[in-house]
Amino acid sequence: MTEIFPQQFPAFSKDSSFEIKQAISNYRKNWRLILLSVFIWCVIGFLYLLYATPSYQVYSKILIKSDYGSPGSTPDILNDFDFLSTKNNVDGENEVLKTGYLLRKVVDDLNLNVQYFTKGIFKRTELYKTAPFKISVISPGDSIGPKPKELNFHFSNNTTFSIKSDKINGTFHFNDTIKSADISFIVEPQVSKNDFSKEYVAIITNPETLTNNYIYFSFVTVETKLANLIQMQVQET
């Protein structure tokens, strides 16, 4: 004879049901406060994303070619066993990348020591390759002191502007040679970006100081000597 046992179900107490109903009732009573809190936090998050200063990281991998891999050269079989050979001098190239020579060339070629900003309510927004004017430094950039020079631009029209700074105050025209005690430069218009309705700020930094900053925030590592790979990372805000 087969006995049939009744199926057991977990007990559900009346107290638990009462607590759930009470919690739902509290949420219904305070729904305005909950909705307001969510709205406030969304606004805070939006403002943070809008005005927070972004941080950028750039990665690059560099392949160092062997000398005997070039046309017209012959491989030495001993080099296959000599990882310290100068023909595969990954360590030497690594040290070259850590010096300021290449970074200084990058700063000079890309004119990175001059930054352009628009004035906002809470912060400045950098304009990279979108500024309506360009500053070309005539005097050697190394003559600039260690403290960056800040120039405030106000445009009266498409040809005339005024500059306010600690050493330069006056009204100028495009392509005028503007001089101070430690710097000379020319302001040239960018034809495709002629929005002169905003307030602008230009910051000119000593290129050697900027190069040292890039060296400080650059990390060069040898991934593997067998593959002749070097990884370079630069971080900047």
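You'll find the structure just up there.
My aim in this report is to walk through the structure given alongside it, one point at a time. (Residues numbered from 1 in each chain as written. Predicted model: local features only at pLDDT ≥ 70, side-chain atom pairs only at ≥ 80, totals over all residues. Heavy atoms only, no water.)

1. Section: the packing of aromatic side chains
The description of two aromatic rings rests on the distance between their centres and on the angle between their planes.
Move 1: Tallied over the entire structure, the rule returns 12 aromatic pairs.
Move 2: Considering the side-chain rings of Phe133 and Phe153, the 4.7 Å spacing of their centres and the 35° angle between planes classify their relative orientation as tilted. One end of the pair, Phe133, is in strand E4 (residues 133–137); the other, Phe153, is in strand E5 (residues 149–155), and 20 residues separate them in sequence. Assigned by exposure class, Phe133 and Phe153 land together as buried. (Phe/Tyr/Trp six-rings, centres within 6.5 Å; stacked < 30°, edge-to-face > 60°. Helix = DSSP H or I, 4+ residues; strand = E, 2+ residues; numbered from the N terminus. Buried < 20%, exposed > 50% of the residue type's maximum accessible area, 1.4 Å probe, protein only.)

2. Considering the sheet that holds strand E8 (residues 177–179)
Move 1: Taking strand neighbours across the sheet as the criterion, the 3 strands line up as E4-E9-E8 in an open arrangement whose pairing is antiparallel. The open sheet is flanked by E4 and E8, the only strands paired with a single partner. When strand polarity is set aside, the average angle formed by the axes of neighbouring strands in this sheet is 30°.
Move 2: When E4 meets strand E9 (residues 184–189), the two strands line up antiparallel, connected through 5 bridges. What sits directly across from Val137, in E9, is Phe185. (Pairing = 2+ DSSP bridges. Axes fitted to C-alpha atoms, helices over the stretch in contact; angles between N-to-C directions.)

3. Re the sheet that holds strand E6 (residues 160–164)
Move 1: Pairing is antiparallel across the open sheet formed by 6 strands, whose spatial order is E3-E2-E10-E5-E6-E7. The open sheet has two free edges, formed respectively by strand E3 (124–126) and strand E7 (169–173), since each of these has just one partner strand. Strand-to-strand, the axes of this sheet are offset by a mean angle of 30°, without reference to chain direction.
Move 2: Relative to E3, strand E2 (residues 114–119) runs antiparallel, the two being bridged by 3 bridges. The residue of E3 that forms the bridge with Thr118 is Thr125.

4. Quick look at the nonpolar core
Move 1: In this structure, Ile135 and Phe153 are the most contacted members of the largest nonpolar core, which totals 23 residues.
Move 2: Only E2, E4, E5, E6, E9 and strand E10 (200–204) provide two or more residues apiece to this core.
Move 3: Once residues lying within four places of it in the same chain are set aside, the contact partners of Phe153 are Phe133, Ile135, Phe161, Ser162, Ile163, Val187, Glu199, Tyr200 and Ala202.
Move 4: Counting residues in hydrophobic clusters, the runner-up holds 11 residues, among them Val107, Leu112, Tyr214 and Ile230. (Core = buried A, V, L, I, M, F, W, Y, C linked by side-chain atoms within 4.5 Å. Contact = heavy atoms within 4.5 Å.)

5. Thoughts on the layout of surface pockets
Move 1: Roughly 1,500 Å³ of internal volume is contained in the largest pocket.
Move 2: Taken together, 44 residues line the largest pocket, and the ones lying closest to its centre are Leu112, Glu126, Tyr128, Tyr214 and Glu236.
Move 3: For the lining of the largest pocket, the secondary structure elements donating two or more residues are strand E1 (56–63), helix H4 (100–110), E2, E3, E4, helix H5 (207–216) and strand E12 (229–236).
Move 4: For the lining of the largest pocket, the per-class residue count stands at 25 nonpolar, 12 polar and 7 charged. (1 Å grid on protein atoms, 1.4 Å probe; cavity = no way out; pocket = protein on both sides within 12 Å on 5 of 7 lines; lining within 4 Å. Points joined across faces, edges and corners; volume = space filled by probe spheres on them. Nonpolar A, V, L, I, M, F, W, Y, C, P; charged D, E, K, R; others polar.)

Shape is all these values report; function is a separate question.
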